Amino acid sequence: MFIAAAAALLISMLFALSRAFLGPSIYDRILSVNMFGTKTVLLIAVLGFMMGRPEFLDIAIVYALINFISIIGILRFFEYTHPPVVNSSEQNGESDS
Amino acid sequence: MNFMLDAISWFLLASGCFLCITGGLGLFRFPDFFTRMHAASITDSLGSGLIIVGLAFQTPGDWLVVAKLGFILVFIFFTSPTASHALAKAALHAGQKPWQKQT
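Nothing here was measured: the structure is a model prediction, and the numbers come from that model.

The rules we used
Residues numbered from 1 in each chain as written. Chains lettered and ligands numbered in written order. Predicted model: local features only at pLDDT ≥ 70, side-chain atom pairs only at ≥ 80, totals over all residues. Heavy atoms only, no water. Helix = DSSP H or I, 4+ residues; strand = E, 2+ residues; numbered from the N terminus. Rg over C-alpha atoms; globule rule 2.2 N^0.38 Å. Buried < 20%, exposed > 50% of the residue type's maximum accessible area, 1.4 Å probe, protein only. Contact = heavy atoms within 4.5 Å. Areas by Shrake-Rupley, 256 points an atom, 1.4 Å probe, with all protein chains shown as cover. Lys, Arg positive; Asp, Glu negative; His and termini not counted. Charge placed at Lys NZ, Arg CZ, Asp CG, Glu CD. 1 Å grid on protein atoms, 1.4 Å probe; cavity = no way out; pocket = protein on both sides within 12 Å on 5 of 7 lines; lining within 4 Å. Points joined across faces, edges and corners; volume = space filled by probe spheres on them. Nonpolar A, V, L, I, M, F, W, Y, C, P; charged D, E, K, R; others polar. Core = buried A, V, L, I, M, F, W, Y, C linked by side-chain atoms within 4.5 Å. Buried area = accessible area lost by both parts, 1.4 Å probe. Salt bridge = Lys/Arg side-chain N within 4 Å of Asp/Glu carboxyl O. Polar contact = N/O pair within 3.5 Å; in protein donor to acceptor, adjacent residues only side chain to side chain. Axes fitted to C-alpha atoms, helices over the stretch in contact; angles between N-to-C directions. Parallel < 35°, antiparallel > 145°, perpendicular 65-115°, else oblique. Left-handed = near helix turned anticlockwise from the far one by under 90°.

(A) Highlighting the overall build of chain B. Assigned secondary structure in chain B consists of 3 helices and 0 strands. Element order for chain B, N to C, with α for helix and β for strand: α-α-α. By the compact-globule yardstick of 13 Å for 103 residues, chain B is too spread out, its C-alpha radius of gyration being 17 Å. Taken along the three principal axes of its C-alpha coordinates, chain B extends 60 × 25 × 15 Å. Counting across all 103 residues of chain B, residues that qualify as buried make up 45%. In chain B, the proportion of contacts linking residues at least 24 apart, taken out of those at least 6 apart, comes to 69%. Per element, the accessible surface of chain B, about 5400 Å² overall, is 76% carbon and sulfur. Averaging the locations of the 6 positively and 4 negatively charged side chains of chain B gives two centres separated by 20 Å.

(B) Here's a closer look at the layout of surface pockets. What the largest pocket holds in volume is close to 150 Å³. Taken together, Ile-72, Leu-75, Arg-76 and Glu-79 of chain A together with Ala-86, Lys-89, Ala-90 and His-93 of chain B form the lining of the largest pocket. In terms of residue class, the lining of the largest pocket is made up of 4 nonpolar, 1 polar and 3 charged.

(C) Fine view of the nonpolar core. With 50 residues, the main nonpolar core has Tyr-27 and Val-46 of chain A together with Ile-51, Leu-55, Leu-69, Ile-72 and Leu-87 of chain B as its most contacted residues. For this core, the elements supplying multiple residues, two or more each, are helix 1 (2–22), helix 2 (26–50) and helix 3 (56–81) of chain A together with helix 1 (2–29), helix 2 (33–56) and helix 3 (63–93) of chain B. When sequence neighbours within four positions are dropped, the list of residues in contact with Val-46 of chain A reads Phe-2, Ala-5, Ala-6 and Leu-9 of chain A together with Ile-51 and Leu-55 of chain B.

(D) Region of the structure containing the interface of chain A and chain B. With 45 residues of chain A in contact, the opposing surface of chain B contributes 45 residues. Summing both sides of the interface, chain A and chain B together bury roughly 4000 Å²; the carbon and sulfur share of this comes to 78%. There are 3 salt bridges connecting chain A and chain B. For the salt bridge of Lys-39 of chain A with Asp-44 of chain B, the shortest nitrogen-to-oxygen distance reads 3.7 Å. Between the two partners, chain A and chain B, sit 5 residue pairs in polar contact (both at pLDDT 80 or more). The set of elements that each furnish at least two residues to the side of chain A that touches chain B consists of helix 1, helix 2 and helix 3 of chain A. Per element, the largest residue contribution to the side of chain A that touches chain B is 14 residues, and it comes from helix 2 of chain A.

(E) Quick peek at empty space enclosed by the protein. Tallied over the entire structure, the rule returns 2 cavities of 30 Å³ or more. Of the pockets and cavities examined, the largest cavity occupies roughly 110 Å³. Lining the largest cavity are Asn-34, Thr-38, Val-41, Ala-64, Asn-67 and Phe-68 of chain A together with Asp-44, Phe-75, Ile-76, Thr-79, Ser-80 and Ala-83 of chain B. Of all the secondary-structure elements, those providing two or more residues to the lining of the largest cavity are helix 2 and helix 3 of chain A together with helix 3 of chain B.

(F) How the structure looks around the packing of helix 2 of chain A against helix 1 of chain B. Packing of helix 2 of chain A against helix 1 of chain B brings their axes to within 12 Å, and their N-to-C directions diverge by 165°. Here helix 1 of chain B runs roughly antiparallel to helix 2 of chain A, going by the angle between their axes. Handedness of the helix 2 of chain A/helix 1 of chain B crossing: left-handed. Packed against helix 2 of chain A, whose contacting residues are Leu-31, Ser-32, Met-35, Lys-39 and Leu-42 of chain A, the element helix 1 of chain B presents Cys-20, Gly-23, Gly-24 and Leu-27 of chain B at the interface. Split by residue class, the contact of helix 2 of chain A with helix 1 of chain B holds 5 nonpolar, 3 polar and 1 charged.

What follows is the structure in structure tokens.
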């Protein structure tokens, strides 16, 4: 049963990786990396249960923490190198950019 | 009793994995960034939630394992929507246009 769960997680990680390579914009890539990280957390937990080693859950907790921080860090980084396209957002009346 | 717990955990794991695969497929096939974000955040919140609860049913006796799984569950439930919101705001802020139907 755990093998099936691990296989399913690997398949969805493959989808995320393929979207990371194909993704036209940067934000597609960040999104797929975020999903890949969350799936890694689950894979570590499932593998920990499969091999009967409960210590893997500590690794999964640390990985979840780091994954979140890295996503926010990447977004903070790209917010400054990609200036907001302010003029076009005013044209079609977006309320707050 | 033991069989019942295994059945419940197997069902939760199966549905969680189904959600993960469909979310991944949605992330791969959807036309626009914001629709892909919808697909990806489904798997992040509900898919992983189901899998973790399914794992928690495996060892009901060991309270430490269940506590760690509970912490992972709570943490993912808080951070996954936050990260998705930050990503959507950054994308919208940078002028990423939502996809309209070609009329």
